[in-house]
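Listed below, chain by chain, are the residues.
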Amino acid sequence: MKYVVKAPGRTGGHLIVDFLKRAPGIEFDYIENNAEFEIDEWVDAKDNSIVFDHTTTCPSDPSEYTLIISKRRNKQAMLLSKMVAGITGKFYGEGTIEQKVKAQFDPMYRILAMQIKNWEEQITQLKTLPWANIHEVYMEDFLTNPGELCKIVEYDHLPDWTHESDGKAVSYKDVFDDPQSIMFIAKQLCKEEGLQYEL
């Protein structure tokens, strides 16, 4: 049993990995490729392995792996989350911001939007490869109903798993001095890059 979780940043891929690692009676090896987009060489995993992968690089034999694609319906929220993570350096946990950032356009924000668009195109290509199985999951869905993840591994019931954290996650409202303005900027960037809300 080999899983590869292909997860663009800010789509909850680490939560899916945590869920899989709680499979009853199975000890998983865990490999993380945390670079964005591409690595020089794929390290093939052993049986009972989870590869958490932010890259678009593929294993030598995809048919040995179940592909899990982590996605997000709300691309504007995804972009805002990437902006916050880039500014604060806080990717998973909680925290506070000492001084708010001015809500104005930054060329880096466009690059982040282009990264999201590039990932959408890469995902389309990934799905054409001969994987053992393919599952696409949306962060909004499994946060609302964790039972959505049971479909991946055919669990009869939810394992002991929760996505809730002990504190309040940093949001764009905490980071920017004018949340409405930065939301407008994110909306415009998504529109210009052709990033649409997925139903």
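Provided above is the structure to which this section pertains.
These numbers come from a predicted model, not from an experiment. (Residues numbered from 1 in each chain as written. Predicted model: local features only at pLDDT ≥ 70, side-chain atom pairs only at ≥ 80, totals over all residues. Heavy atoms only, no water.)

**Some details on the side chain of Lys75**
Okay, step 1: With respect to the element layout, Lys75 can be found in helix 2 (residues 75–88).
Okay, step 2: The buried category is assigned to Lys75, whose relative accessible area is 4%.
Okay, step 3: Side-chain polar atoms of Lys75 contact the side chain of Glu120, separated by 3.5 Å.
Okay, step 4: A distance of 2.5 Å separates polar atoms of two side chains, one belonging to Lys75 and the other to Glu198.
Okay, step 5: Apart from the residues lying within four places of it in its own chain, the contact partners of Lys75 are Ile116, Glu120, Cys190, Leu195, Gln196 and Glu198. (Helix = DSSP H or I, 4+ residues; strand = E, 2+ residues; numbered from the N terminus. Buried < 20%, exposed > 50% of the residue type's maximum accessible area, 1.4 Å probe, protein only. Polar contact = N/O pair within 3.5 Å; in protein donor to acceptor, adjacent residues only side chain to side chain. Contact = heavy atoms within 4.5 Å.)

**A few points about unusual backbone geometry**
Okay, step 1: The phi dihedral of Arg10 falls on the positive side, at around 75°, and the residue is not glycine.
Okay, step 2: When you line up the elements, Arg10 lands in the loop between strand 1 (2–6) and helix 1 (13–20).

**Considering the layout of surface pockets**
Okay, step 1: Approximately 150 Å³ is the volume found for the second largest pocket.
Okay, step 2: Met1, Tyr3, Ile152, Val153 and Glu154 are, among the 13 residues lining the second largest pocket, the residues nearest its centre.
Okay, step 3: Grouping the constituent residues of the lining of the second largest pocket by class yields eight nonpolar, three polar and two charged. (1 Å grid on protein atoms, 1.4 Å probe; cavity = no way out; pocket = protein on both sides within 12 Å on 5 of 7 lines; lining within 4 Å. Points joined across faces, edges and corners; volume = space filled by probe spheres on them. Nonpolar A, V, L, I, M, F, W, Y, C, P; charged D, E, K, R; others polar.)

**Side note on empty space enclosed by the protein**
Okay, step 1: Throughout the structure, instances matching the rule amount to one cavity of 30 Å³ or more.
Okay, step 2: Roughly 80 Å³ of internal volume is contained in the largest cavity.
Okay, step 3: No other element matches the four residues that helix 3 (residues 107–126) contributes to the lining of the largest cavity.
Okay, step 4: Here the lining of the largest cavity is composed, by residue class, of five nonpolar, two polar and five charged.

**Digging into the packing of helix 2 against helix 3**
Okay, step 1: Taken N-terminus to C-terminus, the directions of helix 2 and helix 3 make an angle of 130°; their axes are 10 Å apart at the nearest point. Comparing their axes, helix 3 and helix 2 come out oblique. As helix 2 runs across helix 3, the sense of the crossing is right-handed. Along the contact surface, helix 2 presents Lys75, Met78, Leu79, Lys82, Met83 and Ile87, while helix 3 presents Tyr109, Leu112, Ala113, Gln115, Ile116 and Glu120. (Axes fitted to C-alpha atoms, helices over the stretch in contact; angles between N-to-C directions. Parallel < 35°, antiparallel > 145°, perpendicular 65-115°, else oblique. Left-handed = near helix turned anticlockwise from the far one by under 90°.)

**Some words on the pairing of strand 4 (residues 66–71)**
Where a strand is regular, its side chains alternate between the two sheet faces.
Okay, step 1: Of all six residues making up strand 4, six are buried, and the element is well covered by its neighbours.
Okay, step 2: Of the two faces of strand 4, both are covered, the one formed by Thr66, Ile68 and Ser70 as well as the one formed by Leu67, Ile69 and Lys71.
Okay, step 3: Taken together, the four bridges between strand 1 and strand 4 define a ladder with parallel strand orientation. Opposite Val5, over in strand 4, you have Ile68 as the bridge partner.
Okay, step 4: Here strand 4 runs beside strand 5 (residues 133–138); their pairing, made up of six bridges, is parallel. Bridge assignment links Ile69 to a residue of strand 5, and that residue is Glu136. (Pairing = 2+ DSSP bridges.)

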